Amino acid sequence: MAIEARHINKAFGATPVLQDVSVEVPSGSLTALLGPSGGGKSTLLRVIAGLEQPDSGTVLIAGADVTRLAPQRRNVGFVFQHYAAFKHMTVFDNIAFGLQIRKRPKNEIHKRVHELLELVHLDQFAKRYPAQLSGGQRQRMALARALAVEPEVLLLDEPFGALDAQVRKELRAWLRRLHDDVHVTTVFVTHDQEEAIEVADTIVVLAGGRVEQSGSPHEVYDNPANEFVMRFLGPVT
Ligand code: ADP
Ligand code: MG
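For clarity, every value in this text was computed on a predicted model and none was experimentally measured.

1. Details of the site of ligand 1
Moving on, step 1. Residues in close proximity to ligand 1 include Phe12, Val17, Gly35, Ser37, Gly38, Gly39, Gly40, Lys41, Ser42 and Thr43, which together make up its full environment.
Moving on, step 2. A per-element tally of the shell around ligand 1 places helix α1 (residues 41-49) first, with three residues.
Moving on, step 3. Looking at the shell around ligand 1 residue by residue, the classes come out as two nonpolar, seven polar and one charged.

2. Focus: the UniProt feature "domain: ABC transporter" (unreviewed entry) in the protein chain
Moving on, step 1. Using the residue numbers shown here, the UniProt feature "domain: ABC transporter" (unreviewed entry) corresponds to residues 3-233.
Moving on, step 2. Across residues 3-233, helical content stands at 37% and strand content at 26%; the span's end C-alpha atoms are separated by 25 Å.

3. Brief notes about the sheet that holds strand β1 (residues 3-12)
Moving on, step 1. Pairing is antiparallel in the open sheet, where four strands are placed in the order β2-β1-β4-β5. Strand pairing shows two members of the sheet lacking a second neighbour, β2 (15-25) and β5 (64-65), which therefore form its edges.
Moving on, step 2. Across two bridges, strand β4 (residues 56-61) lies against β5 in antiparallel orientation. Looking across to β5, one finds that Ile61 is bridged to Ala64.
Moving on, step 3. This element, α1, spans β1, β2 and β4 of the sheet and lies at about 120° to β1.

4. Here's the deal with the sheet that holds strand β8 (residues 185-190)
Moving on, step 1. The sheet built from six strands is open, its strands ordered β6-β7-β8-β3-β9-β10 with mixed pairing. Only two strands of the sheet have a single neighbouring strand rather than two, namely β6 (76-79) and β10 (210-215). The sheet shows a mean angle of 15° between the axes of neighbouring strands, direction not considered.
Moving on, step 2. Strand direction decides the pairing type here: strand β3 (residues 30-34) and strand β9 (residues 202-207), joined by four bridges, are parallel. Of the residues in β9, the one forming a bridge with Leu33 is Val204.
Moving on, step 3. Sheet strands touched by α1: β3, β6, β7 (153-157), β8 and β9. Its angle to β7, the strand with the most contacts, is close to 150°.

5. Some words on the packing of helix α2 (residues 91-101) against helix α4 (residues 135-148)
Moving on, step 1. Interaxial distance between α2 and α4 falls to 7 Å at its minimum, and their mutual angle equals 25°. For the element pair α2 / α4, the angle class is roughly parallel. Where α2 crosses over α4, the handedness of that crossing is right-handed. Contact residues: Val91, Asn94, Ile95, Phe97, Gly98 and Leu99 in α2; Met141, Ala144, Arg145 and Ala148 in α4.

6. Regarding helix α5 (residues 165-182)
Moving on, step 1. In this model, α5 (18 residues) spans 25 Å end to end at C-alpha, consistent with the 26 Å of a helix rising 1.5 Å per residue.
Moving on, step 2. Residues of α5 that are buried in the fold lie against β3, α3 (106-119), α4, β8 and α6 (193-199).
Moving on, step 3. Of the residues flanking the end of α5, it is His183, one or two places downstream, whose phi is positive at about 60°.

7. Concerning the pairing of β3
Moving on, step 1. With five of five residues buried, β3 is to be regarded as a mostly interior element.
Moving on, step 2. Across the two faces of β3 the burial is the same, with Leu30, Ala32 and Leu34 and Thr31 and Leu33 all buried.
Moving on, step 3. Inspection of the sheet shows β3 paired to β8 by five bridges, in the parallel sense. Counted as the bridge partner of Leu30 is Thr186 from β8.

8. Some words on the nonpolar core
Moving on, step 1. The biggest cluster of nonpolar side chains holds 65 residues, and the ones touching the most others in it are Leu33, Leu44, Ile48, Ile95, Ala144, Leu155 and Val205.
Moving on, step 2. Of all the elements, α4 adds the most residues to this core, at seven residues.
Moving on, step 3. With residues up to four places along the chain from it excluded, the contact list for Leu44 reads Ile8, Leu18, Val21, Leu33 and Leu206.

The rules behind the values
- Residues numbered from 1 in each chain as written.
- Chains lettered and ligands numbered in written order.
- Predicted model: local features only at pLDDT ≥ 70, side-chain atom pairs only at ≥ 80, totals over all residues.
- Near = placed C-beta within 6 Å.
- Helix = DSSP H or I, 4+ residues; strand = E, 2+ residues; numbered from the N terminus.
- Nonpolar A, V, L, I, M, F, W, Y, C, P; charged D, E, K, R; others polar.
- UniProt positions renumbered as here; feature names shortened; annotations may be inferred.
- Pairing = 2+ DSSP bridges.
- Contact = placed C-beta atoms within 7 Å.
- Axes fitted to C-alpha atoms, helices over the stretch in contact; angles between N-to-C directions.
- Parallel < 35°, antiparallel > 145°, perpendicular 65-115°, else oblique.
- Left-handed = near helix turned anticlockwise from the far one by under 90°.
- Expected span 1.5 Å × (residues − 1).
- Buried ≥ 20, exposed ≤ 12 C-beta atoms within 10 Å, placed from the backbone.
- Core = buried A, V, L, I, M, F, W, Y, C linked by C-beta atoms within 7 Å.

Spelled out as structure tokens, the structure:
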């Protein structure tokens with residue numbers, strides 16, 4: 001398993017947000033964390049990333065307990081819905097940033113960034129600034145930036161949530177192809193059932209701070225564990 005979250009509990013004040021959540025993410029998988037808004041998806045992702053401390057429970061990444069490691073010590077890449085780019089830096093420099101602070105040699109950085117630009121189909125945009133990109137291009141840049149330092153796992157929190165329906169659909173298919181190329185273990189959060197079924201090879205349904213079911217899209221769709229999952233994944237009427 002690339003990620004094992006075990007018995008995670010987290011409350012904000014008196015409100016429990018994650019209740020005894022255990023999730024296993026197989027190495028190399030593209031796992032969707034699916035559930036309704038307010039169900040605890042972002043909180044769980046932030047706990048895995050080390051941006052939020054759980055009240056109890058452990059997070060193993062590649063077998064190592066990282067619960068007490070600072071975020072920058074965990075080898076994870078993170079992309080948010082509302083992407084924060086360095087506005088005064090070019091696309092090239094935004095992607096190169098993580099490599100520069102790791103003091104990688106200049107020629108290595110150059111080679112790696114150009115590989116990444118090709119991977120996310122932004123080769124023509126290296127010298128542009130984030131404000132000169134479309135929303136979809138910006139999220140692709142964010143993915144390249146997250147991938148630059150070769151993270152153990154890639155965590156995407158509704159990465160396409162702010163984009164319009166057409167671009168969203170294109171990026172879904174693109175993410176699937178990217179994953180087939182790169183094979184980095186990826187967890188992506190979505191509240192969109194169709195998106196999860198189309199893109200993921202594993203689905204974890206999280207609602208009300210609890211895991212309702214996990215399995216392949218086929219298993220979850222055809223054999224819902226309970227009425228909630230059945231209604232949530234069922235045909236929209
Ligand atoms: P989701 O991503 O599934 O929409 P979240 O993890 O963002 O769910 O939120 C789950 C619940 O936790 C919500 O009720 C939300 O209001 C609450 N919550 C999230 N972050 C905080 C916070 N920093 N302080 C207080 N409550 C929070
Ligand atoms: Mg969220």
